[in-house]
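Survey of secondary and tertiary structure
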Amino acid sequence: RKEVEQDPGPFNVPEGATVAFNCTYSNSASQSFFWYRQDCRKEPKLLMSVYSSGNEDGRFTAQLNRASQYISLLIRDSKLSDSATYLCVVYFYNQGGKLIFGQGTELSVKP
Amino acid sequence: NAGVTQTPKFQVLKTGQSMTLQCAQDMNHNSMYWYRQDPGMGLRLIYYSASEGTTDKGEVPNGYNVSRLNKREFSLRLESAAPSQTSVYFCASGGPRSGNTIYFGEGSWLTVV
């Protein structure tokens, strides 16, 4: 089993919809968490870090649940430009800084 | 532009040939990483290096070797390429011990025939 797992998608939603992605991780030791966005096999780019108390950046909200070992990403009022693959990323401090990606969730926003 | 530079961008190899993918970063990051990405598989960690002179295996290290000779450079070597190593390879640097953001190179498209 992978240490970081995501809903594989694809998610096909209309413009304006709200969509949520989940990501689970299997190691409960000290970590940091991130969401990355990847367009068409280009290099991934940071969307947002995920903080313990949850955090918001415009239409994007990230949450962390350490007890259940998952993180989530909520996108409100989806735009066509949100179409991409969303990758959750876990940084393991206790394993020398190992950085593991989930498989990615593909989102397609339609007019 | 500052960031992560990886070469070559495209390469075709014959089965059994060897090659080295080069990666350099100019952001003074301690941590560097090599990933491969195959369709539907996300990015899988091959090797990583927490600091100059140290390397650790990731999720899929078989068939690869790495070298972190200095802080800037982290190379990935395929000693005897196999068709299963056809993939897109990404180098990255940074992470929580280096200001948080992880920066990626543009990727190297490798085909083994």
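Quick caveat, the model's predicted, so the values are computed rather than measured.

Now for the state of the cysteines. Residues and elements named next belong to chain A. Counted according to the given criterion, the structure contains two disulfides over all chains. The side chain of Cys23 participates in a disulfide bridge whose partner is Cys88; the two sulfur atoms lie 1.8 Å from each other. Between Cys23 and Cys88, the S-S dihedral sits near 55°, and the bridge is therefore right-handed. Placement of Cys23 in strand S3 (residues 19-25) and of Cys88 in strand S9 (residues 84-92) is noted, with a sequence separation of 65 residues between them. Using a relative accessible area of 0% as the deciding quantity, one classes Cys23 as buried.

Our focus in this paragraph is the pairing of S3 of chain A. Residues and elements named next belong to chain A. Because side chains alternate across S3, one face comprises the buried residues Val19, Phe21, Cys23 and Tyr25, and the other comprises Ala20, Asn22 and Thr24, none of which is buried. Sheet topology places strand S1 (residues 4-6) next to S3; three bridges connect them, and they run antiparallel. Counted as the bridge partner of Val4 is Tyr25 from S3. Pairing of S3 with strand S8 (residues 70-75), which is carried by six bridges, proceeds in the antiparallel orientation. Residue pairing across strands places Cys23 opposite Ile71, the latter belonging to S8.

Here we take up the sheet that holds strand S7 (residues 60-65) of chain A. In a beta sheet, neighbouring strands are held together by backbone hydrogen bonds and run either parallel or antiparallel to one another. All names here are of chain A. Taken in spatial order, the five strands make up an open sheet running S1-S3-S8-S7-S6, and their pairing is antiparallel. Edge positions in the sheet fall to S1 and strand S6 (55-57), since each has one partner strand and no second. On average, adjacent strands in this sheet sit at an angle of 20° to one another, irrespective of strand direction.

Tallying the contact residues gives 23 residues for chain A and 26 residues for chain B. A combined buried area of about 2100 Å² lies between chain A and chain B, and 55% of that area is made up of carbon and sulfur atoms. Area buried by chain A at its contact with chain B is led by Arg41, Glu43 and Leu99 of chain A, which between them contribute 29% of it. At the boundary of chain A and chain B, one finds one salt bridge. The interface formed by chain A and chain B includes six residue pairs in polar contact (both at pLDDT 80 or more). Every element with two or more residues in the side of chain A that touches chain B is listed here: strand S4 (31-38), strand S5 (45-50), S9 and strand S10 (98-101) of chain A. Classifying every residue of the side of chain A that touches chain B by side-chain character gives 10 nonpolar, eight polar and five charged.

Rules used throughout
- Residues numbered from 1 in each chain as written.
- Chains lettered and ligands numbered in written order.
- Predicted model: local features only at pLDDT ≥ 70, side-chain atom pairs only at ≥ 80, totals over all residues.
- Heavy atoms only, no water.
- Disulfide = S-S within 2.5 Å.
- Helix = DSSP H or I, 4+ residues; strand = E, 2+ residues; numbered from the N terminus.
- Buried < 20%, exposed > 50% of the residue type's maximum accessible area, 1.4 Å probe, protein only.
- Pairing = 2+ DSSP bridges.
- Axes fitted to C-alpha atoms, helices over the stretch in contact; angles between N-to-C directions.
- Contact = heavy atoms within 4.5 Å.
- Buried area = accessible area lost by both parts, 1.4 Å probe.
- Salt bridge = Lys/Arg side-chain N within 4 Å of Asp/Glu carboxyl O.
- Polar contact = N/O pair within 3.5 Å; in protein donor to acceptor, adjacent residues only side chain to side chain.
- Nonpolar A, V, L, I, M, F, W, Y, C, P; charged D, E, K, R; others polar.

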